[in-house]
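Report on the structure
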Amino acid sequence: MRLWRRSCSKVLCAKLTLLAANILLLFYTREAIHSLVVGSLHKEGAAVAQSPLYLKKDMHHLRKSMKSTTKRQGHVAKWGNGEFLPGWKEMKVRLAPKRFFLSSKIFQQWGKGLSEAQQQEALDLFLEFGYNVFLSNQLPYNRSIPDTRDARCLQKTYPAQLPSLSVILIFMNEALSVIQRAITSVTNRTPTWLLKEIILVDDFSSHGELKARLDEKIKLYNQNYPVLLKLIRHKKRRGLAQARNTGLEAATADVVAILDAHIEVNIGWAEPILARIQEDHTVVVSPVFDNIDFDTFELKKYELAADGFSWKLWCQYDPVPQAWIDLGDATAPMKSPSIMGILAANRIFLEELGALDGGMLLYGGENVELSLRVWQCGGKIEILPCSRVAHLERHHKPYAMDPGIPLRRNALRVAEIWMDKYKYMVYSAWNLPLQNSGIDYGDISSRRALREKLKCKTFDWYLKNVYPLLKPVPNIVRYGRMKNSLDENVCLDRGPVPGNSPKMAPCHEFSVQNVYYLLSGEIYVGELIGKEDIHEQYCLTDSGTGEKPTLELCSQAVNSGQHIYWDFQQGQSVKNRDTARCLEMRKDPSGPYRLVLENCTQQIWNIQHIGRTGATDSQ
Ligand SMILES: *[C@@H]1O[C@H](CO)[C@@H](O)[C@H](O)[C@H]1NC(C)=O
Ligand SMILES: *[C@@H]1O[C@H](CO)[C@@H](O)[C@H](O)[C@H]1NC(C)=O
Ligand SMILES: [Mn+2]
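Reading the values: the criteria
- Residues numbered from 1 in each chain as written.
- Chains lettered and ligands numbered in written order.
- Predicted model: local features only at pLDDT ≥ 70, side-chain atom pairs only at ≥ 80, totals over all residues.
- Heavy atoms only, no water.
- Helix = DSSP H or I, 4+ residues; strand = E, 2+ residues; numbered from the N terminus.
- Buried < 20%, exposed > 50% of the residue type's maximum accessible area, 1.4 Å probe, protein only.
- Disulfide = S-S within 2.5 Å.
- Axes fitted to C-alpha atoms, helices over the stretch in contact; angles between N-to-C directions.
- Parallel < 35°, antiparallel > 145°, perpendicular 65-115°, else oblique.
- Left-handed = near helix turned anticlockwise from the far one by under 90°.
- Contact = heavy atoms within 4.5 Å.
- Nonpolar A, V, L, I, M, F, W, Y, C, P; charged D, E, K, R; others polar.
- Salt bridge = Lys/Arg side-chain N within 4 Å of Asp/Glu carboxyl O.
- Donors = N, O, S within 2.8 Å, 3.2 Å for Na, K, Ca; no water.
- Core = buried A, V, L, I, M, F, W, Y, C linked by side-chain atoms within 4.5 Å.
- Polar contact = N/O pair within 3.5 Å; in protein donor to acceptor, adjacent residues only side chain to side chain.
- Expected span 1.5 Å × (residues − 1).
- Phe/Tyr/Trp six-rings, centres within 6.5 Å; stacked < 30°, edge-to-face > 60°.
- Lys NZ or Arg CZ within 6 Å of the ring centre and 35° of its normal.

**Side note on the overall build of the chain**
Check the secondary structure of the chain and you find 19 helices and 24 strands. The buried share of the chain, reckoned over its 619 residues, is 59%.

Here's what the structure looks like:
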């Protein structure tokens, strides 16, 4: 039953989530690092914004410990047997003989038997690329991977006549061996008579091996294979959406499959795609992803899930729809609210629909934009269970830019173009004011005009007919940071995760300090979910006894006799409607402020932004 939830932490979107979790852990266990991280971030990039910083620190410590290990080799041996040394710096070094840098993720499962120089080389490559390039360079390009299809897929037959296919592989500073393995997998696992061309799009890579050496490989390839291999290079960095558009513009086949270059397509991946698009040219399809481990390069099979997203418009896996389960056919196409990024479509249909929104920066959100456009403007999105593509999920991304910033900006762009009166949910989820957010999401007039021209349906239609799981939260009275006038440097905070002890903590910009006060009286603490059936929203709760407030799942709190409804107006007290106790701050003589529930002493609270009420009734 919880299968799909586990599958949430996977492929294209998962890494950021995982990193975010790491950060939060760090955040709550190391106060010093906490203030360092928080002090240097002034914008709500959400937790994802922290990853580059985290990595920099990780790299720094690794390099430092690397040096100190080398120096202290003989001396540290007495600690022996792979034990961790005490202390922060030393924790980074595990002392099994001749194995270094074991705190780095790349060496958790891999790397036995390498010399010191090899370990160092592998680590350097890993830090640079976010996956195990050292290993990739040794694996054959034509390696076999397990066939992860359901057995029933093998019984399927497809029409003899199918549309032709252009495969587009986009990349930015990818390892050459990874690109070559992707090309080889496409060549070896796609019927030659269907594959018209492979188009590589380089979004302005800087790595040397992707210049002359790649050109040479392409020349060689075109001498030996019947399928044309083209390379297009951007003259400056233009981002994921533009790279996909560049590939699409160059494509000439009936159907385009737009993939990342860190993939290996699996056996029989193309036929289900081509057959389905031949049947209905308005379907945009996605294969099912499996994961290639960034350290061992082994394939991990992933269960089927629908591709959804959160109100931040960040991708999120959803349970397989009941209607699909009821079909009783494991090979049937599955309706999905969104794609994760990788997609295949009828080329003309995709072009007429407006391709990708070139106004999107870097990555993130462009997949949701396309998905809303497909559904609202007359197409459909389906996941094809018999088409499987193995995707290498990086441990970290090789972009210098903080991904939280374009992500938030792209999300507002999507909200403003497509989401009508529900756009307030995106602003609220990112904790931005509804007016004057200060974020420049670019010129959207041509995309608005496109929406007019294609006579697209409303987002309200999309929510009701395509994505009923995504629920707007109506009547948010106020949201944002919640402060008490006794000390405005501390904010109501979700506290450690997992855990249910809210606290007052130095204010920062991460979602754990988001607060939403609803007209109905609940106070949500933490990220805005709006998917109550699957993900958990926490409510501030008075149990009626003791003086500690707690956080409980909103859906369960009432049933278990908790009191979750509060009276609050800006600049007044926060008073529980059932117990008549107030949420207050109390300072112990030497300690920090504590949150308590007690007889009201008229303490004054404020919540940052004015929310949107009556959203379901009016534009
Ligand atoms: C890969 O190519 C080599 C050399 O052409 C060949 O010997 C080997 O059998 C191939 N492996 C697979 C899995 O196809
Ligand atoms: C809180 O108020 C109640 C009712 O007015 C009273 O009985 C109780 O003693 C008060 N508690 C404290 C700690 O002042
Ligand atoms: Mn990818």
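Next comes the rest of the description.
**Describing the state of the cysteines**
Here the structure, examined in full by the defined rule, presents five disulfides. The residue that forms a disulfide with C377 is C456, at a sulfur-sulfur distance of 2.0 Å. Disulfide C377-C456: the torsion about the S-S bond is 105°, which places it as right-handed. You can see C377 sitting in the loop between helix 14 (366-376) and strand 12 (380-392) and its partner C456 sitting in the loop between helix 17 (445-453) and helix 18 (459-465), a full 79 residues away along the chain. The exposure class of C377 is buried, given its relative accessible area of 13%.

**Observations regarding the packing of helix 15 (residues 404-418) against helix 17**
Relative to each other, helix 15 and helix 17 sit at 40°, their axes nearing to 9 Å. Of the possible angle classes, the one that applies to helix 15 and helix 17 is oblique. Between helix 15 and helix 17 lies a crossing of right-handed hand. Here R413, E416, I417 and W418 of helix 15 lie close against helix 17, whose contacting residues are R447, R448 and R451. Looking at the contact of helix 15 with helix 17 residue by residue, the class counts come to two nonpolar, no polar and five charged.

**Regarding the pattern of salt bridges**
Scanning the entire structure with this criterion turns up 30 salt bridges. A salt bridge links D260 to R244; the nearest nitrogen and oxygen atoms lie 3.7 Å apart. Here D260, found in strand 4 (residues 255-260), pairs with R244, found in helix 10 (residues 239-250); they are 16 residues apart in sequence, far enough to count as distant. Each of the two residues, D260 as well as R244, counts as buried. Here R447 and D357 are joined by a salt bridge, their closest N and O atoms 3.8 Å apart. Within this pair, whereas R447 is found in helix 17, its partner D357 is found in the loop between helix 13 (347-352) and helix 14, the two being separated by 90 residues in sequence. On the accessibility criterion, D357 (1% relative accessible area) is buried.

**Topic: the coordination of the manganese ion (ligand 3)**
Within the protein, the manganese ion (ligand 3) binds to D260 (OD), H262 (NE2) and H391 (NE2); these donor distances fall in the range 2.1 to 2.2 Å. For the manganese ion (ligand 3), the donor residues sit on a single chain with the sequence spacing D-x1-H-x128-H. In this pair, D260 is assigned in strand 4 and H391 in strand 12, connecting sequence segments 131 residues apart. Across the pair, H391 and D260 agree in class, each one buried.

**Thoughts on the nonpolar core**
If you look at the biggest cluster of nonpolar residues, it comprises 113 residues, and the most contacted ones within it are L169, I198, W269 and M419. The dominant element in this core, judged by the number of residues it contributes, is helix 15, at seven residues. Discounting residues that sit within four places of it in the chain, L169 has contacts with A182, I183, I198, I199, L200, V201, L259, D260, A261 and I263. Among the nonpolar cores identified, the runner-up in size contains 26 residues, and L114, F129, Y131 and V178 belong to it.

**Some words on the environment of Q513**
Structurally, Q513 can be placed in the loop between strand 15 (503-506) and strand 16 (515-518). Given a relative accessible area of 0%, Q513 falls into the buried group. Along the backbone, Q513 and N431 are 82 residues apart, and their C-alpha atoms lie at a distance of 9.8 Å. Reaching out from Q513, the side chain makes a polar contact with the backbone oxygen of P506 at a distance of 3.1 Å.

**Observations concerning helix 6 (residues 116-129)**
For the α-helix, the turn length of 3.6 residues means that residues three or four positions removed from each other point alike. Here helix 6 spans 20 Å end to end across 14 residues, near enough to the 20 Å set by a 1.5 Å rise per residue. Residues of helix 6 that are buried: Q119, A122, L123, L125, F126, L127 and F129. After helix 6 finishes, the residue G130 shows a positive phi value of roughly 85°.

**Let's talk about the packing of aromatic side chains**
By the definition in use, this model includes 13 aromatic pairs. Their ring planes at 65° and their centres at 6.1 Å tell us that W110 and F134 sit as a pair that is edge-to-face. Taken together, the positions of W110 in the loop between helix 5 (88-91) and helix 6 and F134 in helix 7 (residues 133-136) put the pair 24 residues apart, joining distant regions of the chain. The exposure class of W110 is buried, given its relative accessible area of 12%. Aromatic pair F129 and Y131: ring centres 6.1 Å apart, planes at 40°, arrangement tilted. Neither F129 nor Y131 differs from the other in exposure class; each is buried. Three or more aromatic residues link up through ring pairs in this structure, and these residues are F309, W311, Y422, F459, Y462 and Y467. Over the ring of Y538 we find R494; its NZ or CZ atom is 4.7 Å from the centre of that ring.

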